[in-house]
Amino acid sequence: MIGYETEEQQVQAIKQFWKDNGLIIVAGAVIGLGLLWGWRYYNDSQIATKEAASAQYTESLERLVEDENNDELMAFVNDNPETAYAPLAQLILAQRAVESQDYEAAKSSLNAVMTSDDAIADIARLRLANVHLQLNEADQALASLNAVKSESFNNQVEELKGDALFAKGDFDGAQNAYTLAMAQSPNNPSLKMKRDNIAYVKTQTTGEDVE
């Protein structure tokens, strides 16, 4: 070691260094290893939790298909509300509720998805608008559609807006909405039929000759 003439002086200097700094070095190493182990444990724990949630979700879906019973899926949502699978489970529960014509239950499940990832939340908003239309709640349907964020759903949004406006008796607004939807989906025959129907209704109610 530079600065010490004999080996004995070097040994004494090392001993003195460890006496003065050894505890700090050891403590630092222990803390560093502890943090590393803790991070790995946290990482492994997170992976294990996600894998367990995935397995439970799959099992719940299988039981839902086999038994036509929502209890397992509801239990999953209650036990794993923060997982990415919970919103998907809610969408399935909502669909089953609609099939059973339990529209209030469907609305409850769909509203629970609104704070999820934007794409999933937008799907829930579109389905919620459909539920509102089933209940003749046109204004609520329009409010749900106006909250849709992704432009990729514009075609569906405009078509459902046309349905809602038609239900409100706003034939011009409905016709415009269907026209916008047709511009994005020109080969959709149901849109053309809805738009043509608007023109026919207007001639019957106002006597206008609408092209």
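Just so it is clear, the model here is predicted, and its values are computed rather than measured.

> Provide a residue-level description of the layout of surface pockets, including the pertinent values.
Counted as a void, the largest pocket has a volume near 220 Å³. What lines the largest pocket is a set of 14 residues, and nearest its centre among them are Pro-81, Ala-86, Pro-87, Ala-112 and Ser-116. Take the lining of the largest pocket: its biggest share by element is 3 residues, from helix α3 (residues 85-99).

> Which residues make up the packing of helix α5 (residues 118-134) against helix α7 (residues 154-168), and what are the values?
Look at α5 against α7: their axes get within 11 Å of each other, and the N-to-C directions meet at 15°. Taken as axis vectors, α5 and α7 run roughly parallel relative to one another. Handedness of the α5/α7 crossing: left-handed. Together, Leu-126, Ala-129, Asn-130 and Leu-133 of α5 and Gln-156, Val-157, Leu-160, Asp-163 and Ala-164 of α7 make up the contact between the two elements. The residue makeup of the contact of α5 with α7, split by class, is 6 nonpolar, 2 polar and 1 charged.

> Can you break down α7 residue by residue, with the values?
With 15 residues, α7 extends 21 Å between its outermost C-alpha atoms, agreeing within 8% with the 21 Å of an ideal straight helix rising 1.5 Å per residue. Along α7, the positions that sit buried rather than exposed are Asn-155, Val-157, Glu-158, Glu-159, Leu-160, Lys-161, Gly-162, Asp-163, Ala-164 and Leu-165. Within two residues after α7, Gly-169 carries a phi angle of roughly 85°, on the positive side.

What counts as what
- The residue numbering used here restarts from 1 in each chain and proceeds along that chain's sequence as written.
- Reporting in this predicted model follows two pLDDT cut-offs: at least 70 for local features of residues, and 80 or more for side-chain atom pairs to be given and counted; totals over whole chains, interfaces and linings ignore these cut-offs and use all residues.
- Heavy atoms from the whole structure form the basis of all side-chain values; hydrogens and water molecules are not counted.
- Only protein atoms enter the 1 Å grid used here, on which a cavity is any set of points holding a 1.4 Å probe that cannot leave and a pocket is any open set flanked by protein within 12 Å on both sides along at least five of seven lines; residues with an atom within 4 Å of a point are listed as lining.
- Grid points are joined across faces, edges and corners, and a volume is the space filled by probe spheres set on the points.
- Each helix is a run of H or I in the DSSP string that is no shorter than four residues. Each strand is a run of E no shorter than two, and both are numbered from the N terminus.
- Geometry is summarised by axes, namely lines fitted to C-alpha atoms with helices restricted to the contacting stretch, and by angles between N-to-C directions that run from 0 to 180 degrees.
- Oblique is the label for any angle not covered by the other classes, which are roughly parallel (under 35 degrees), roughly antiparallel (over 145) and roughly perpendicular (65 to 115).
- Left-handed describes a crossing whose near helix is turned anticlockwise from the far helix by less than a right angle; the clockwise case is right-handed.
- Should any heavy atoms of two residues lie within 4.5 Å, those residues are considered in contact.
- Lys, Arg, Asp and Glu make up the charged group, whereas Ala, Val, Leu, Ile, Met, Phe, Trp, Tyr, Cys and Pro make up the nonpolar group; the residues left over, Gly among them, are polar.
- For a helix, the expected span equals 1.5 Å multiplied by the number of residues minus one.
- Note on exposure labels: buried denotes an accessible area under 20% of the residue type's maximum, exposed denotes more than 50%, and partly exposed covers the range between, all computed with a 1.4 Å probe on protein chains only.

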